[in-house]
Structures are given as C-alpha cells and as structure tokens.
Amino acid sequence: MENFTVLLDGPSMNRAITRIAHEIIERNKGIDEVILVGIKTRGAYLARRLAERIESIEGKAIRTGELDITLYRDDLTPKHEQAQVKQVDIEHEVKEQKVVLIDDVLYTGRTVRAALDAIMDLGRPAQIQLGVLVDRGHRELPIRADYVGKNIPTSSAERIVVNLVETDKEDIVTIHKFEE
C-alpha cells in the first residue's frame, strides 16, 4: 500500500524557483558569465523556468542548455546498455564560464556525477554549480547543491515525485511512503 504527502504545490514551487533565481544572480554577481544547463527531463524544464525568472529580474536573457546524461550513468541496467546520448543542446562555449546544473531531485549524487562528466567533455568551465528543486539526502557521492528549493529528509523507503505542468499537467512535489 502507498500513501503520499504534498510537499510543494504550484505556488510554493514558483516561490522556490524565484528564490533560486535571485540566489544565482547574487552569487554570480549577475549573469554575464553564467550558463544554466538543465539535466533532462525535468531539470531541463526547471532550467527554462529559472531562465525566464532571471530574465524578468535582470532584464536580459541568460544563456541556457540541456544535457542528457544517459550514456554517462554508472548505474545502467542491462536493458539500458545500448543507451545513447540523445541530445546535448549547449550552444555556448563552457570554457571559462560558470555552469549551473539544474535538476529536480538530488538523491545519491550519481546523476550529478554523470552530468559533471558530460560537461567536462565539452570543455573546462571556470566553475560548476548545482541547483535542485528538492534535496532528499542519502548521498553516495560527496556532492551537495549550491541552490536548493526545499530540503526534505527522507528514508530509503520513501520516494519523491516531481510533477511539472510541461510533462505531467500540474506542478506538485509529493513524497510517497511505501508500506508492506
């Protein structure tokens, strides 16, 4: 049996995105040397939302890109061994730039490690930062987010689900508890 609790609704998700946008601008003293890179799929949509919010704050567009890290994963199952990079859509030179990776949930750190490998294959940025909507803990690698929408301590028997309008028809973050 499964039950769930709503952690973020649409308005609270928007507030978290606005706060992260302000933090990115403040930490980097503007956006001139910053590239937002969303990790597909939901991280890419969140990066687009952040880019829109940053543009409304700064009055100019921030450079963006998307990253599909499938080939870089170290935890592929046999059915995924033939996986290919579907798209690396970063039209900007990352060398000497500040790259802000954006993802929906930070858990073990393996997705972020794979994204770091993919970014480094494109060039050596001046800095790589990480922004996530939800940090749920349970790291297997020494990775931490620079920008966090909400910290949610979880158990390994729980699952965080991020739904976005772009993919799921509503903005909501839930925690699902599994009972036997």
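About the criteria used
- Residues numbered from 1 in each chain as written.
- Predicted model: local features only at pLDDT ≥ 70, side-chain atom pairs only at ≥ 80, totals over all residues.
- Heavy atoms only, no water.
- UniProt positions renumbered as here; feature names shortened; annotations may be inferred.
- Helix = DSSP H or I, 4+ residues; strand = E, 2+ residues; numbered from the N terminus.
- Buried < 20%, exposed > 50% of the residue type's maximum accessible area, 1.4 Å probe, protein only.
- Contact = heavy atoms within 4.5 Å.
- Expected span 1.5 Å × (residues − 1).
- Lys, Arg positive; Asp, Glu negative; His and termini not counted.
- Salt bridge = Lys/Arg side-chain N within 4 Å of Asp/Glu carboxyl O.
- Phe/Tyr/Trp six-rings, centres within 6.5 Å; stacked < 30°, edge-to-face > 60°.
- Lys NZ or Arg CZ within 6 Å of the ring centre and 35° of its normal.
- Core = buried A, V, L, I, M, F, W, Y, C linked by side-chain atoms within 4.5 Å.

The name that an unreviewed UniProt entry assigns to the protein chain is Bifunctional protein PyrR, with the source organism given as Solibacillus isronensis B3W22. Under the heading Catalytic activity (unreviewed entry), UniProt records this for the protein chain: "UMP + diphosphate = 5-phospho-alpha-D-ribose 1-diphosphate + uracil". What the UniProt record of the protein chain gives under Sequence similarities (unreviewed entry) is the line "Belongs to the purine/pyrimidine phosphoribosyltransferase family. PyrR subfamily."

Enquirer: Tell me about the overall build of the protein chain, and please be specific about residues and values.
Expert: A count of helical and extended segments in the protein chain gives 4 helices and 9 strands. N-terminal to C-terminal, the α/β element order of the protein chain is β-α-β-α-β-β-β-α-β-β-β-α-β. Burial analysis of the protein chain (180 residues in total) assigns 44% to the buried set. Counting only contacts in the protein chain whose residues sit at least 6 apart along the sequence, the fraction spanning at least 24 positions is 70%.

Enquirer: Any chance you could break down helix α1 (residues 10-27) for me, citing the residues and the numbers?
Expert: In this model, α1 (18 residues) spans 26 Å end to end at C-alpha, consistent with the 26 Å of a helix rising 1.5 Å per residue. What α1 keeps buried is the set G10, S12, M13, A16, I17, I20, A21, I24 and I25. A positive backbone phi angle near 55° is found at K29, which sits one or two residues after α1.

Enquirer: Provide a residue-level description of the side chain of D104, including the pertinent values.
Expert: Residue placement: D104 occurs in strand β5 (residues 98-106). Here D104 sits buried without a salt bridge, and the closest side chain of opposite charge, R42, lies 4.8 Å off (N-O distance). Beyond its immediate chain neighbours, meaning those up to four positions away, D104 contacts R42, G43, L46, V132, L133, V134 and V162.

Enquirer: I'd like a description of the packing of aromatic side chains, backed by residues and values.
Expert: By the definition in use, this model includes 0 aromatic pairs. A cation sits over an aromatic face here: R136 above Y107, 3.9 Å from the ring centre.

Enquirer: Outline the pattern of salt bridges, supporting the account with residue identities and numerical values.
Expert: Pairs may arise between side chains of opposite charge once their charged atoms sit close together. A complete count under the given rule lists 12 salt bridges for this structure. The closest approach of N and O atoms between D32 and K60, which form a salt bridge, is 2.6 Å. Of this pair, D32 sits in the loop between α1 and β2 (34-39) while K60 sits in the loop between α2 (42-58) and β3 (63-67), and the two are 28 residues apart along the sequence. Between R110 and E140 there is a salt bridge, with its nearest N and O atoms 2.6 Å apart. Of the two residues, R110 sits in helix α3 (residues 110-122) while E140 sits in the loop between β6 (127-135) and β7 (147-151), which places them 30 residues apart along the sequence. Linked by salt bridges that have partners in common, R27, R144 and D146 make up one network.

Enquirer: Explain the nonpolar core residue by residue, including any values.
Expert: In globular proteins that are soluble, nonpolar side chains generally tend to be buried together. I24, L36, L50, I54, L133, I160 and V173 are the most contacted members of the largest nonpolar core, which has 29 residues in total. For this core, the leading source of residues is α1, giving 7 residues. Formed by 19 residues, the second largest nonpolar core is a distinct cluster that contains I35, L67, A115 and V148.

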